[in-house]
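Letter by letter, the chains look like this.
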Amino acid sequence: MHHPLHSHFSTLILCVMKGLQAVKDAHPRLFLIADRCLVFFVLFPSVVAFWAGVWMFLDLHFYPEHVEWSAWCCVAAGAVILVFFNVVQYELTERFLEPGWKVRNVVIKRLYTLVAACANVFLCRGFWMVQDYYSGVNVPSACFSLVFGTSLLICLRASCNGVASPLGTAFDEHRSFFIIQTRFRAPADKPLFLLLDSVFSVTVIGCLVIFEWRGIWVLLDLLLFPEDSTASLIICLVFGYAICIIIDILQDQAIALSAYLESKNHWFLRLAFEDAYLLIAKLGVIAVWRGIWIFCENYVADRNGPEQFLRVYINIVIGYVVPTLLLHGNSLFVLEVVLDGGMVEGAGCRVRVTMLENYLKLCARNFKAKKERALANGSSLPGLIIQRRSLRPDVESAQVLLHNTKAECHFENRSFAFSEFLPP
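Residues numbered from 1 in each chain as written. Predicted model: local features only at pLDDT ≥ 70, side-chain atom pairs only at ≥ 80, totals over all residues. Heavy atoms only, no water.

S.K.: What's the story with helix α9 (residues 267-300) in this structure? I'm lost.
M.R.: Because an α-helix completes one turn every 3.6 residues, residues spaced three or four positions apart along the sequence face the same direction. Between its first and last C-alpha, α9 extends 47 Å over 34 residues, near the 50 Å set by a 1.5 Å rise per residue. Following α9 by one or two positions, Asp302 adopts a phi angle in the positive range, close to 55°. (Helix = DSSP H or I, 4+ residues; strand = E, 2+ residues; numbered from the N terminus. Expected span 1.5 Å × (residues − 1).)

Below, the structure written as structure tokens:
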């Protein structure tokens, strides 16, 4: 029998979801704008705050006098943890992805998010500092990093992996919570192949993405008002957000063009178009990341100030707590390796910018499960009508995911897009 407090909380959540659904049905444009605002101005800044906080913490406490040693230790720690999570993903799914909110599963999932997110920061900081240490922070080094990273990612058909939040969100209650798609999609019944694929995905693809990000970031540091961080911050925020919003608005047109090229069997043109489109998206993402990062460093943590050792924790705590409470904690780290041209019907140009829709889908899924249990017990359950689009069946075990050629992707179709409200 449930505790009365649990029943009251469930009733409250039910009322909130009914309200959201009513707003979505009556005012879809308002629902869409509110959804985007939550992602752009609440979830995304907290993600950057976490990364900036952990990065600054390492700068201050992890061998600050030995840059080379600190960098390589970060590379080793991040790579080992991420490869380990790649290898055990199916075991974690089978053991801890049970329906309901069992305390054990909630704790394990929250710890998984924290450790995986920190490991991503370790790896990124390590590779970044290795490049800074051996090649210096200058324009030639940045240009080489950008060209080298971008060109090899294109050759490996992994260019789209540089796109991150705010143009990608990951919902914690997806059935693929622990699933991390590797470059060659190694199955769990081939452990050696899975291990090698995981090492390649983390150390090669991950390293090249960091090369690309560092090239653009350092060029902005050196060329965009290097003596005036406030002006540089504002410009990055304005242009970064503008590019991200435009990419979101135009994604359906990009999807249609990509699907058209696919229907005409213009595989190379489709691949080139998707890579170019997502390269522009990456420019916007990196610019807005840099703007938020500078704000977190200079105004939240007060970098180089007398209280920086204490204030750096503000970024870490806010950056972890906010996405976790919003059930989007997995947005803090890289989830998978996406293959350029590997999606059909233009889906390679799709970006996922939604939160509210995820809550409605979760509520609909939970209500359906409760209704089925109630019918099985011969009882009834008050109705909640929530429109659902392309809800996928529950994952009962990791073996189901084993034999799927396409594991459930966190960047799936949305219910609404901006173009639905634009004039033809």
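S.K.: I keep staring at the pattern of salt bridges and nothing clicks. Help me out?
M.R.: Enumeration according to the criterion identifies eight salt bridges in this entry. Arg125 serves as the salt-bridge partner of Asp59, at 3.0 Å between the closest nitrogen and oxygen. One end of the pair, Asp59, is in helix α2 (residues 28-61); the other, Arg125, is in helix α5 (residues 103-135), with 66 residues separating them in the sequence. With respect to class, Asp59 is no different from Arg125; both count as buried. Asp132 is the partner of Arg214 in a salt bridge, and the nearest nitrogen-oxygen pair spans 2.8 Å. On the criterion of sequence distance, the pair formed by Arg214 in helix α7 (residues 191-223) and Asp132 in helix α5 is long-range, its members being 82 residues apart. (Salt bridge = Lys/Arg side-chain N within 4 Å of Asp/Glu carboxyl O. Buried < 20%, exposed > 50% of the residue type's maximum accessible area, 1.4 Å probe, protein only.)

S.K.: Looking at this model, I keep getting lost on the packing of aromatic side chains. Mind explaining?
M.R.: Geometrically, a pair of aromatic rings is defined through the distance of the ring centres and the angle of the planes. According to the stated counting rule, one finds 27 aromatic pairs in the structure shown. Judged by centre distance (5.1 Å) and plane angle (65°), the rings of Phe62 and Tyr63 are edge-to-face. For Tyr63, a relative accessible area of 40% translates into the label partly exposed. Taken together, the ring pairs connect Phe40, Phe41, Phe44, Trp51, Trp213, Tyr241 and Trp289 into an aromatic cluster. Directly above the aromatic system of Phe177 lies the positively charged group of Lys109, at a separation of 4.8 Å from the ring centroid. When the ring centre of Phe184 is taken as origin, the NZ or CZ atom of Arg183, which lies over that ring, is 4.8 Å away. (Phe/Tyr/Trp six-rings, centres within 6.5 Å; stacked < 30°, edge-to-face > 60°. Lys NZ or Arg CZ within 6 Å of the ring centre and 35° of its normal.)

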